[in-house]
Amino acid sequence: MTGEGESVARGTPVIRTRGITMEYPRVRALDALDLDVGQGVTGLVGANGAGKSTLIKVLLGLLAPTSGDAQVLGHDVRSQGAAIRARVGYMPEHDCLPADVSASEFVVHMGRMSGLPHTVARERAADVLRHVGLAEERYRVMGGYSTGMKQRAKLAQALVHDPDLVLLDEPTNGLDPASRDDMLDLVRRIGTDFGISVLVTSHLLGELERVSDHVVVLDGGRLLRSSATSEFTEATGTLLVEVLGTTTERDRLGHALAERGLQCHPVDGAVEVVPPPGGEVGGVDVRDLVRDTVIDLDLGLVRIQEGRHRIQDVFAVREEVAQP
Ligand SMILES: Nc1ncnc2c1ncn2[C@@H]1O[C@H](COP(=O)(O)OP(=O)(O)OP(=O)(O)O)[C@@H](O)[C@H]1O
């Protein structure tokens with residue numbers, strides 16, 4: 001770190017907002033948001049329109065909030081936007097790459113824009129393009145890139161100046177499941193291999209659980225929840241039972257378990273069993289009862305595992321509360 005950034009002690013929030021409100025002419029995109037983001041990888045999740053991109057632009061000093069205060073790496077977003085952008089990498093959501101330029105030229109250029117000398121910018125560009133998996137294709141013009149390659153090039157330019165923090169806006173947007181997993185692995189490695197703090201957004205509520213240390217949930221510009229990922233995914237006390245076959249086999253099992261006195265209901269492809277107090281029915285352990293039932297029905301057991309909360313549950317709970 002350089003300059004004022006050096007005074008940011010470890011453990012101090014890398015991002016801190018107090019009462020940040022952002023009003024567009026017709027919509028309040030952020031509503032009195034108080035947020036502390038620490039070091040490590042933080043997932044910022046929320047449905048489309050929740051205010052994620054607006055928050056990122058405010059944090060970069062690109063949009064002046066209507067009211068409230070925010071600091072990034074100790075710098076004020078209203079008056080020190082340039083200092084923030086010098087130490088923060090930004091991967092925008094939308095395609096912003098020039099079609100007739102190679103990834104190498106582009107990333108070198110972005111490094112030069114950040115103040116790196118030419119030779120250093122070239123070395124750094126080669127490093128980050130290798131890191132994101134574009135070493136082979138780096139001299140090809142980006143107009144011919146797939147969506148996945150474009151996302152990687154956008155990520156590389158966010159890293160070229162060796163930032164202390166990167167803000168990644170929907171890096172998995174438009175990617176197929178395999179490319180999405182690759183991108184999420186890259187995001188995780190930015191945090192673990194390089195020690196760069198990451199704020200990464202997604203409108204897919206479940207996808208950041210496995211790469212984030214901490215998850216922040218936004219809804220309608222408000223903070224719905226901010227917790228360590230482990231708290232979101234803590235055990236529910238239930239069992240999820242999956243058997244081979246379709247919903248027909250799943251429902252046969254569900255009915256049989258209910259007949260044997262267990263409270264249960266279908267969840268996606270599995271049956272969720274709520275064990276009674278003590279975990280036994282008529283002196284038989286619930287897991288044994290489930291296994292015996294599966295055998296009696298001549299079904300194939302895939303797994304019995306502990307049920308865990310999911311980030312989506314935060315929204316489900318809120319909707320239930322909102323119902324009359
Ligand atoms: N420049 C703008 N002018 C007016 N309204 C805007 C502008 N930018 C965003 N909005 C509105 O502000 C709200 C929050 O938008 P924002 O893009 O921050 O949400 P988001 O969570 O990033 O969603 P998405 O993933 O769809 O981009 C939305 O209702 C959006 O329509």
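These figures come from a predicted structure and were not determined experimentally.

1. Some words on the site of the ligand
Working step 1: Every one of the 14 residues lining the ligand counts as a neighbour, but Tyr24, Asn48, Lys52, Ser53 and Thr54 are closest to it.
Working step 2: Here the shell around the ligand gets three residues from one element, more than from any other, and that element is helix α1 (residues 52–59).
Working step 3: Taken together, the residues that form the shell around the ligand break down as four nonpolar, seven polar and three charged.

2. Concerning the domain arrangement of the protein chain
How big an interface is tends to be expressed through the accessible area that disappears when the partners come together.
Working step 1: Per the domain assignment, the segments making up the protein chain are domain 1 (3–230) and domain 2 (235–308).
Working step 2: For domain 1 and domain 2, the distance between their C-alpha centres works out to 42 Å.

3. Observations regarding the sheet that holds strand β7 (residues 165–168)
Working step 1: With respect to topology, six strands assemble into an open sheet ordered β6-β7-β8-β3-β9-β10, the strand pairing being mixed. Two strands bound the open sheet, and with one partner strand each, they are β6 (88–91) and β10 (222–228). In this sheet, neighbouring strand axes are inclined to one another by 15 degrees on average, regardless of whether the strands run parallel or antiparallel.
Working step 2: Where β7 meets strand β8 (residues 197–202), four bridges bridge the pair, whose relative direction is parallel. Bridged to Leu168 within β8 is Val200.
Working step 3: Along the sheet face, helix α5 (residues 147–159) touches β6 and β7 and points at about 165 degrees away from the line of β6.

4. Focus: the UniProt feature "domain: ABC transporter" (unreviewed entry) in the protein chain
Working step 1: In this structure's numbering, the residues bearing the UniProt feature "domain: ABC transporter" (unreviewed entry) are residues 15–245.
Working step 2: Overall, residues 15–245 shows 32% helix and 29% strand. The separation of its end C-alpha atoms is 48 Å.

Conventions adopted
Residues numbered from 1 in each chain as written. Predicted model: local features only at pLDDT ≥ 70, side-chain atom pairs only at ≥ 80, totals over all residues. Near = placed C-beta within 6 Å. Helix = DSSP H or I, 4+ residues; strand = E, 2+ residues; numbered from the N terminus. Nonpolar A, V, L, I, M, F, W, Y, C, P; charged D, E, K, R; others polar. Domains from an automatic or database assignment. Pairing = 2+ DSSP bridges. Axes fitted to C-alpha atoms, helices over the stretch in contact; angles between N-to-C directions. Contact = placed C-beta atoms within 7 Å. UniProt positions renumbered as here; feature names shortened; annotations may be inferred.

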